[in-house]
Amino acid sequence: MARPDVPCVLILAGLDPSAGAGLLADAEAVRAAGARPLCVATALTAQTTRRLHGFQPLAPALAMQTAQALLEEEPVRAIKIGMLGTSAMAHAAAELLARAGRPAVVDPVLASSSGVALFQGGPEAARKAYAELWPLAVITPNAPEARALLDLSEDPRTAGDLEQAARELVRRGAKAALVKGGHLRGPESTDVLFLGDACHRLTGPRIEGPGARGTGCRLASALAAGLALGRPIEDASRAAKAFVTAYLQSR
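I will try to describe carefully the structure that is included in this document. This one's a predicted model, so the numbers in the text were calculated from it and none came from an experiment.

Here the focus is the overall build of the chain. When its secondary structure is counted, the chain shows eight helices and nine strands. Relative to its length of 251 residues, the chain is compact, with a C-alpha radius of gyration of 16 Å against a globular reference of 18 Å. A principal-axis box enclosing the C-alpha atoms of the chain has dimensions of 45 × 40 × 35 Å. The burial tally for the chain puts 53% of its 251 residues in the buried class. When contacts within the chain are restricted to residue pairs at least 6 apart in sequence, long-range pairs at least 24 apart make up 67% of them. Summed over its atoms, the accessible surface of the chain is roughly 11,100 Å², and 52% of this surface lies on carbon and sulfur atoms.

On to the sheet that holds strand E2 (residues 36–47), then. Pairing is mixed in the open sheet, where nine strands are placed in the order E3-E2-E1-E4-E5-E6-E7-E8-E9. Since the sheet does not close on itself, it has two edges, and those belong to strand E3 (52–57) and strand E9 (198–205), each with one partner. Pairing between strand E4 (residues 76–81) and strand E5 (residues 104–106): three bridges, direction parallel. Each residue of the ladder has a partner; that of Ile79, found in E5, is Ala104.

This brings us to the environment of Thr66. Here Thr66 is to be found in helix H2 (residues 60–73). Separated by 25 residues in the primary sequence, Thr66 and Ala41 have C-alpha atoms spaced 9.4 Å apart.

What follows is about the pattern of salt bridges. For the structure on display, the rule yields 14 salt bridges. Glu168 is paired through a salt bridge with Arg171; the nearest N and O atoms lie 2.7 Å apart. Of this pair, Glu168 and Arg171 are both found in helix H6 (residues 159–171), three residues apart, which corresponds to roughly one turn of the helix. Note that Lys241 is salt-bridged to Asp191, the shortest N-O span being 3.3 Å. Placement of the pair is Lys241 in helix H8 (residues 233–250) and Asp191 in strand E8 (residues 188–195), with a sequence separation of 50 residues. Here Lys241 matches Asp191 in class, with each residue buried. Three or more residues joined by partner-sharing salt bridges are found here, namely Glu124, Arg127 and Asp151.

For E8, the tally of buried residues reaches six of eight residues, placing the bulk of the element in the interior. For strand E7 (residues 176–179) and E8, the ladder comprises four bridges, and the chain directions are antiparallel. Within E8, the residue paired with Val179 across the bridge is Val192. Pairing of E8 with E9 involves eight bridges; the strand directions are antiparallel. The residue of E9 that forms the bridge with Phe194 is Cys199. Between E8 and E9, which pair antiparallel in sequence order, lie two residues; one of them, Gly196, sits at a positive phi of approximately 65°.

This next bit is on helix H3 (residues 87–100). In this model H3 runs 20 Å from its N-terminal to its C-terminal C-alpha over 14 residues, within 8% of the 20 Å that 1.5 Å per residue would give. All buried positions along H3 are accounted for by Met89, Ala90, Ala92, Ala93, Ala94, Leu96, Leu97 and Ala100. The elements touched by buried residues of H3 are strand E1 (8–15), E2, H2, E4, E5 and helix H4 (122–131). With its phi angle positive at about 65°, Gly101 sits one or two positions after the end of H3.

Counting through the fold element by element, Arg172 comes out in the loop between H6 and E7. For Arg172, the side chain forms a polar contact with the side chain of Glu168, separated by 2.8 Å.

About the thresholds
- Residues numbered from 1 in each chain as written.
- Predicted model: local features only at pLDDT ≥ 70, side-chain atom pairs only at ≥ 80, totals over all residues.
- Heavy atoms only, no water.
- Helix = DSSP H or I, 4+ residues; strand = E, 2+ residues; numbered from the N terminus.
- Rg over C-alpha atoms; globule rule 2.2 N^0.38 Å.
- Buried < 20%, exposed > 50% of the residue type's maximum accessible area, 1.4 Å probe, protein only.
- Contact = heavy atoms within 4.5 Å.
- Areas by Shrake-Rupley, 256 points an atom, 1.4 Å probe, with all protein chains shown as cover.
- Pairing = 2+ DSSP bridges.
- Salt bridge = Lys/Arg side-chain N within 4 Å of Asp/Glu carboxyl O.
- Expected span 1.5 Å × (residues − 1).
- Polar contact = N/O pair within 3.5 Å; in protein donor to acceptor, adjacent residues only side chain to side chain.

Here you go:
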């Protein structure tokens, strides 16, 4: 039986059957960070540890019915949004966040690690869809996702570029922005959090080796777990960064 004193994180994300990313990786990270995951699938993927073969979005009505029931009957203290897949699902998720009034983290999953698109309609549709979610959450794009959401000419390539992207996301309405620097080069991996009018650089060692899948999912989920446990956004972001660094070092 679940302990009633353990706060829950409601997770909406795509199901990766290989568990490398998506809903199963989210649940693993939330548990490791000390909260209890409640999982709602937004899409099914045909995926292995090597590549994505395809995906099927699920009906927003069913996903939201499930999410609403969990909100009403479980001690949900934060919400994490991952892959949404369609504009209709994104709109439904925005309405859910507005009703719920819980701290939320939105990881704008637009493509798989192998580069296959995971949002129907292209970049313009994704920009419009995620703009509905920005005011309700901490948004956690990586460099390519920040480029797509802000319609930049190229990916952010430096910590300064990440800071500029984070500032612009907040200027456009995001509650806070944590722009991840895992795609950059150099001995250190720097993520940039812009919150209020302050910028914070979160730096850790860059872990060399085969490319890891699902690090963005895990970071956003660990951040949501920190918020569920009552930590401030900056503290929860730093703890999430440390969690992902430890995960990569253990592989």
